[in-house]
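Summary of structural features
Chain by chain, the residues:
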Amino acid sequence: MSRYALADSGPLATLHHEVLALLWDDTTRPLINKAVKLPGAACLDLGSGGGSVAAWLASEVGNTGLVLAVDRVLQPGFPIRSTLHHEVHEMTARAPLPSKWMRHTWDLVHARLALVHMEGRDEIATALAGRLKPGGVLLITELVPDGRVLRAPSDEDRDLVHRILVGVADSFVASGTDRGWSLRAAAVLADAGLEVSGARYGRMWRGGSHGAGFVAGTVLQLQSDLLEREFTPAQIDRALELFMDPDFLMSGHLMSSTWGTKR
Ligand SMILES: C[S@@+](CC[C@H](N)C(=O)[O-])C[C@H]1O[C@@H](n2cnc3c(N)ncnc32)[C@H](O)[C@@H]1O
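Residues numbered from 1 in each chain as written. Predicted model: local features only at pLDDT ≥ 70, side-chain atom pairs only at ≥ 80, totals over all residues.

1. Some points on the overall build of the chain
Across its full length, the chain holds 8 helices and 10 strands. A globule of 263 residues ought to have a C-alpha radius of gyration of about 18 Å, and the chain, at 19 Å, matches this closely. For the chain, the spread of C-alpha atoms along the principal axes amounts to about 55 × 35 × 30 Å. By the burial criterion, 43% of the 263 residues in the chain qualify as buried. (Helix = DSSP H or I, 4+ residues; strand = E, 2+ residues; numbered from the N terminus. Rg over C-alpha atoms; globule rule 2.2 N^0.38 Å. Buried ≥ 20, exposed ≤ 12 C-beta atoms within 10 Å, placed from the backbone.)

Right, here's the structure in full:
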């Protein structure tokens, strides 16, 4: 049984969603713009979180379009727009969407850092591929967990951060997250009959940057699990200190975007 590893609510959840938007909206938006003509489009945003992508879509589709954001939680401050609907729904293989939306067809189905957390992700993606309009696109963006330390005050610090990153990955796997999903998504979309393309991109993150803050926030959300695994409070504190140190450098996680078009 899968459960979402990260916080559903509270300041760390809010911060997490804000940082996701700051880190990746500027690459998500051009990808969507290239894939789909948004004015008048019907768009679905899966695991919509804080709603930055859904709100942007709602402004782009205009009054003749429609955006449905689906998430197991309605985040406080989720943007309100006349063209933006939000459904609180736990997406599963049996019920990818609330039943009243299952017959809809879409120009865009978008899922960023979302399907990876869902049990039945293959079936959900396949079912929604079947609800695309001709020319419609299903765009999946996932993280390839391969952050590496590029500069740290000592070898011990470098080693600690690498071990913490492995610990974070292990905590996600223990909660049912499929860390291999970014590599399997293309095959799932192709098997669903879509014409598939993809891109990978990444950046370097300095201590104190949004990227390093994203990693620090994830460590904080998972810290009770990390403490149970192998780490001491002093080690976690040291890692958090490094993520805020402007002399610390790491290669940020690669992002992998996979999109399939219905012909
Ligand atoms: C890492 S956040 C990504 C949020 C947003 N897509 C973004 O990129 O900014 C993952 C989101 O997926 C939601 N989620 C996880 N499992 C879910 C499920 N089974 N059904 C619906 N939402 C789910 C979480 O509540 C969370 O808001």
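Here the narrative resumes.
2. Describing the pairing of strand β5 (residues 132-144)
Within a regular beta strand, the side chains point alternately toward one face of the sheet and then the other, so they alternate between its two faces. Bridge count between strand β4 (residues 106-112) and β5: 6 bridges; the pairing is parallel. If you follow Val109 over to β5, its bridge partner there is Leu138. Note on the crossover from β4 through helix α3 (residues 121-129) to β5: the handedness is right-handed. Bridge count between β5 and strand β10 (residues 254-261): 8 bridges; the pairing is antiparallel. Bridged to Leu143 within β10 is Met255. (Pairing = 2+ DSSP bridges. Right-handed = clockwise from strand over helix to strand, strands pointing away.)

3. Here we look at the nonpolar core
Generally speaking, soluble globular proteins have nonpolar side chains that are buried together. If you look at the biggest cluster of nonpolar residues, it comprises 45 residues, and the most contacted ones within it are Leu57, Val67, Leu108, Val109, Leu115, Ala125 and Leu138. Of all the secondary-structure elements, those providing two or more residues to this core are α1 (11-35), β1 (42-46), α2 (52-61), β2 (66-71), β4, α3, β5 and α5 (181-191). The biggest single contributor to this core is α2, with 7 residues. Discounting chain neighbours no more than four positions away, the residues touching Leu57 are Leu38, Cys43, Asp45 and Val67. The next biggest cluster of nonpolar side chains, apart from the first, holds 26 residues, and it includes Val19, Ala152, Phe172 and Leu226. (Core = buried A, V, L, I, M, F, W, Y, C linked by C-beta atoms within 7 Å. Contact = placed C-beta atoms within 7 Å.)

4. Remarks on the sheet that holds strand β9 (residues 249-251)
The strand order across the open sheet formed by 3 strands is β6-β9-β8, and the pairing between neighbours is antiparallel. Edge strands, defined here as strands with exactly one partner in the open sheet, are β6 (148-151) and β8 (204-206). For this sheet, the mean inter-axis angle between neighbouring strands, taken without regard to orientation, is 30 degrees. Bridge analysis of β6 against β9 gives 3 bridges, and the strand direction is antiparallel. Directly across from Arg148, in β9, lies its bridge partner Ser251. (Axes fitted to C-alpha atoms, helices over the stretch in contact; angles between N-to-C directions.)

5. Quick look at the site of the ligand
If you check the shell around the ligand, you find 18 residues, and the closest are Leu20, Gly47, Gly49, Met91 and Arg112. The leading source of residues in the shell around the ligand is α1, at 3 residues. The residue makeup of the shell around the ligand, split by class, is 8 nonpolar, 6 polar and 4 charged. (Near = placed C-beta within 6 Å. Nonpolar A, V, L, I, M, F, W, Y, C, P; charged D, E, K, R; others polar.)

6. Description of the packing of α3 against α5
Running from amino to carboxyl end, α3 crosses α5 at an angle of 35 degrees, the nearest separation of the two axes being 10 Å. Between α3 and α5 lies a crossing of right-handed hand. Between α3 and α5, the residues in contact are Arg121, Asp122, Ala125, Thr126 and Ala129 and Trp181, Val188 and Leu189, respectively. Here the contact of α3 with α5 is built from residues that sort into 5 nonpolar, 1 polar and 2 charged. (Left-handed = near helix turned anticlockwise from the far one by under 90°.)

7. So, the environment of Asp155
Counting through the fold element by element, Asp155 comes out in helix α4 (residues 155-174). On the basis of neighbour counts, which here come to 9 C-beta atoms within 10 Å, the residue Asp155 falls in the exposed class. Asp155 sits 108 residues away from Gly47 along the chain, and the two C-alpha atoms are 38 Å apart.

8. Observations concerning the sheet that holds β1
Strand order in the open sheet formed by 7 strands is β3-β2-β1-β4-β5-β10-β7, and the pairing between neighbours is mixed. Each edge of the sheet is formed by a strand with only one pairing partner; in this case those strands are β3 (84-88) and β7 (195-201). In this sheet, neighbouring strand axes are inclined to one another by 15 degrees on average, regardless of whether the strands run parallel or antiparallel. Pairing between β1 and β4: 4 bridges, direction parallel.

9. Topic: α1
Here α1 spans 34 Å end to end across 25 residues, near enough to the 36 Å set by a 1.5 Å rise per residue. At Trp24, α1 shows its strongest bend, of approximately 60 degrees. Here α1 has its buried residues at His16, Val19, Leu20, Leu23, Trp24, Thr28, Ile32 and Ala35. Looking at the buried residues of α1, the elements they touch are α2, β4, β5, α6 (210-221) and β10. (Expected span 1.5 Å × (residues − 1). Bend = angle between axes of the 7 residues up to and from the residue.)

10. Digging into the environment of Ala127
Here Ala127 lies in helix α3. A sequence separation of 65 residues divides Ala127 from Ala192, and the C-alpha atoms of the two residues are 8.4 Å apart.

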